[in-house]
Amino acid sequence: MSSADPSLGRKSAGGLRGCGDPSDTASRLDDESRRWITALGGAGAARDEALTRLHDLLLRVGRAELARRRGSHPLTGPEVDDLANEAADDALVAILAKLSGFRGESRFTTWAYKFVVLEVSSKLGRHFWQRPRASLDVDDWDRLPDRFGVAPEDHAQRRELLASVRRAVSEQLTAHQRQVFVALVVDGVPLDALVTRTGSSRNAIYKTMFDARRKLHAALVANGHLEASAPADQRRGAERVERRP
Amino acid sequence: MSGWDELERFLRTDPRDVGCDQALAVLHVYVEVVHDDGAEEADRRYPGVAAHLRACGPCDEDFEGLLLAVRTAGAGGEADDERP
């Protein structure tokens, strides 16, 4: 995994509002964003009105996000509204705490919406463990071929795939990598839920899984089960961690 | 596609992938480029972020959610009145 994207933090020629020297922030802001920053950084009734208005916007985005993800969580009715309100409340607190860090790289509202979208993700991750059958204690390796789309009647491929992956996991991965692989891939635990359970971070778990995937790929290429990959820039549509399998 | 093909696609990694922290740090900027100039332009300017979003389900969900919020606002939807 790359330690840094060469383009991160670089002002592009294509119209990004730029990054870097905070003293330039004010000159980069569009009018609407400047009004937001002025109002939220001020005092009195104008600030109170801006806070109320921003909370309303965050709540709408939070509700829309929960509706968009409705197929991946079991929440309904008042539970959805409660979680949307919690997400909006926490996002507003985080936005105010980081207001001085807003550098005008995007519209203020786009930056602000990011907070509530991330809050929704985090809260849905915590909610996963309230499901009756959510557990890290049951490893059902027999489900692995289903996750990679092997038909139930294809007994030979199911046996071979299961045995080769299980062997590679056992022989190639560290204990921590095995735990993360089993949780995410075998048990189907959402990555954000695993973050909640382990107290780790999304980035740390993704990095662990990234390294595990690379090791397993190399091992399965070496033993002839997989072919070597094409160069990265020739690929599209790689499978996503957690979503698939 | 066989199970082996699916497995290969899942295990394949992209060395340009910047990881979750860096991708989320600029997600608001990336989303605006997608919204204003298109996904190809965003991919060109931020190849490491694009590589990450192709591989990380949770970050891609956040990207889709933020893009929807921006598009809804731009289309005069629920988050239409963004004035402070």
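Thresholds, definitions, all that
- Numbering of residues starts from 1 in each chain and follows the order in which that chain's sequence is written.
- Chains carry letters and ligands carry numbers; both start at the beginning, A for chains and 1 for ligands, and go up in the order they are written.
- In view of the model being predicted, local features appear only for residues whose pLDDT reaches at least 70, and side-chain atom pairs are presented and counted only at 80 or more, with totals across whole chains, interfaces and linings using the full set of residues.
- Where side-chain values are given, they derive from all heavy atoms of the structure, hydrogens and water being excluded.
- A run of DSSP states H or I qualifies as a helix once it reaches four residues; a run of E qualifies as a strand once it reaches two. Both are numbered from the N-terminal end.
- In this analysis, two residues are considered to be in contact whenever any of their non-hydrogen atoms come within 4.5 Å of each other.
- Surface exposure here means Shrake-Rupley accessible area, sampled with a 1.4 Å probe, where a residue is shielded only by the protein chains that are shown.
- Relative accessible area decides the class of each residue, using a 1.4 Å probe on protein chains only: under 20% of the type maximum gives buried, over 50% gives exposed, and in between gives partly exposed.
- Only one rule defines a salt bridge in this text: a Lys or Arg side-chain nitrogen within 4 Å of an Asp or Glu carboxyl oxygen.
- As a per-residue measure, pLDDT reflects the predictor's confidence and takes values from 0 up to 100.
- Pairing of aromatic rings covers Phe, Tyr and the six-membered ring of Trp, with a centre-to-centre limit of 6.5 Å; geometry is then stacked below 30 degrees between planes, edge-to-face above 60, and tilted otherwise.
- Criterion for a charge above a ring: Lys NZ or Arg CZ within 6 Å of the ring centre, and within 35 degrees of the ring normal.
- Patches draw on residues past 30% relative accessible area with no salt bridge. Two like charges within 9 Å are joined, as are two nonpolar side chains (Val, Leu, Ile, Met, Phe, Trp, Tyr) within 5 Å.
- The charge count treats Lys and Arg as positive and Asp and Glu as negative. His and the chain ends do not count.
- A single reference atom marks each charge: NZ on Lys, CZ on Arg, CG on Asp, CD on Glu.
- For the purposes of this section, nonpolar cores are sets of buried Ala, Val, Leu, Ile, Met, Phe, Trp, Tyr and Cys residues that join through side-chain atoms within 4.5 Å.
- The span expected for a helix works out to 1.5 Å for each residue beyond the first.
- In plain terms, two cysteine sulfur atoms within 2.5 Å form what is called a disulfide here.
- Lines fitted to C-alpha atoms define the axes here, with helix axes fitted over just the stretch in contact, and angles between the N-to-C directions of these axes take values from 0 to 180 degrees.
- Roughly parallel means an angle under 35 degrees; roughly antiparallel, over 145; roughly perpendicular, 65 to 115; everything else is oblique.
- Only Asp, Glu, Lys and Arg are considered charged, only Ala, Val, Leu, Ile, Met, Phe, Trp, Tyr, Cys and Pro nonpolar, and every remaining residue, Gly among them, polar.

Looking now at the overall build of chain A. In terms of helices and strands, chain A carries 10 helices and zero strands. Secondary structure elements in chain A, listed N-terminal to C-terminal, are α-α-α-α-α-α-α-α-α-α. Contacts in chain A between residues at least 24 apart in sequence constitute 66% of all its contacts with a sequence separation of at least 6. When the accessible area of chain A is evaluated, it comes to approximately 12,100 Å², of which 49% is carbon and sulfur surface.

Let us now look at the overall build of chain B. Summing up its helical and strand segments, chain B has six helices and zero strands in all. Relative to its 84 residues, chain B shows a buried fraction of 63%. For chain B, long-range pairs separated by at least 24 residues make up 58% of all intrachain contacts whose partners lie at least 6 apart in sequence. Of the accessible surface of chain B, which amounts to about 3,000 Å², a share of 46% is contributed by carbon and sulfur atoms.

Let's shift gears to the pattern of salt bridges. Taken as a whole and judged by the stated rule, the model has 25 salt bridges over all chains. One salt bridge connects Glu41(B) with Arg44(B), and the closest N-O pair in it is separated by 2.7 Å. Of this pair, Glu41(B) and Arg44(B) both sit in helix H4 (residues 39-45), three residues apart, roughly one helical turn. The exposure class assigned to Glu41(B) is buried, which follows from its relative accessible area of 19%. What you see here is one network of salt bridges that share partners, running through Glu65(A), Arg68(A), Arg69(A), Asp192(A), Arg202(A), Glu61(B) and Asp62(B).

Here chain A averages 85 in pLDDT, while 80% of its residues score no lower than 70. Across residues 9-20 of chain A, where pLDDT falls below 50, the model places 26 contacts with residues more than four positions away in sequence or in other chains.

Following the criterion strictly, the structure yields 11 aromatic pairs over all chains and no others. Residues Phe128(A) and Trp129(A) carry aromatic rings whose centres are separated by 5.0 Å and whose planes lie at 85° to one another, so their mutual orientation is edge-to-face. Accessibility assignment for this pair places Phe128(A) and Trp129(A) in one class, buried. With centroids separated by 5.7 Å and ring planes inclined at 70°, the aromatic side chains of Tyr30(B) and Phe63(B) adopt a geometry described as edge-to-face. On the criterion of sequence distance, the pair formed by Tyr30(B) in helix H3 (residues 27-37) and Phe63(B) in helix H6 (residues 57-74) is long-range, its members being 33 residues apart. Overall, Tyr30(B) belongs to the buried group, its relative accessible area being 6%. On the basis of relative accessible area, Phe63(B) is assigned to the buried category, the value being 9%. The ring of Trp129(A) has Arg197(A) sitting right over it, with the charged end atom 3.9 Å from the ring centre. In this structure, Arg213(A) is placed above the aromatic ring of Phe10(B), and the distance from its NZ or CZ to the ring centre is 5.9 Å.

What follows covers a negative patch on the surface. Residues and elements named next belong to chain A. The grouping of Glu-79, Asp-82, Glu-86 and Asp-89 at the surface amounts to a negative patch. Mapped onto the elements, Asp-89 comes out in helix H4 (residues 77-97). Among the residues examined, Asp-89 registers a relative accessible area of 37% and is labelled partly exposed.

Further remarks concern the nonpolar core. Nonpolar side chains in soluble globular proteins tend to be buried together. One finds Leu54(A), Leu58(A), Ile95(A), Phe108(A) and Tyr30(B) to be the most contacted residues of the largest nonpolar core, which totals 59 residues. Per element, the largest residue contribution to this core is nine residues, and it comes from helix H5 (residues 108-128) of chain A. When residues no more than four places from it in sequence are discounted, the contact partners of Phe108(A) are Ser33(A), Trp36(A), Ile37(A), Leu40(A), Leu54(A), Ile95(A), Leu99(A) and Phe102(A). By size, the runner-up hydrophobic cluster in this structure holds 35 residues, among which are Val165(A), Val182(A), Met209(A) and Leu226(A).

Position of Arg167(A) among the secondary structure elements: in helix H7 (residues 155-172). When the C-alpha atoms of Arg167(A) and Leu220(A) are compared, they prove to be 9.9 Å apart, with 53 residues separating the residues in sequence.

On to H4(A). Count 3.6 residues to each turn of an α-helix, and residues three or four apart come out pointing the same way. Between its terminal C-alpha atoms H4(A) stretches 31 Å, which fits the 30 Å expected from 21 residues at 1.5 Å a residue. Within H4(A) the residues assigned to the buried category are Val80(A), Leu83(A), Ala84(A), Ala87(A), Ala88(A), Ala91(A), Leu92(A) and Ile95(A).

This paragraph deals with the state of the cysteines. All names here are of chain B. This structure, assessed with the given rule, holds zero disulfides over all chains. Not part of a disulfide, Cys-56 finds its nearest cysteine sulfur in Cys-59, a span of 3.7 Å. The exposure class assigned to Cys-56 is buried, which follows from its relative accessible area of 0%.

All names here are of chain A. Viewed as axis vectors pointing N to C, helix H8 (residues 175-186) and helix H10 (residues 202-222) meet at an angle of 95°, and their least axial separation amounts to 9 Å. On the basis of the axis angle, H8 is roughly perpendicular to H10. Facing His-176, Gln-177, Val-180, Phe-181, Leu-184 and Val-185 of H8, the residues of H10 in contact are Ile-205, Thr-208, Met-209, Asp-211, Ala-212, Lys-215 and Leu-216. A breakdown of the residues in the contact of H8 with H10 according to their chemical character gives eight nonpolar, three polar and two charged.

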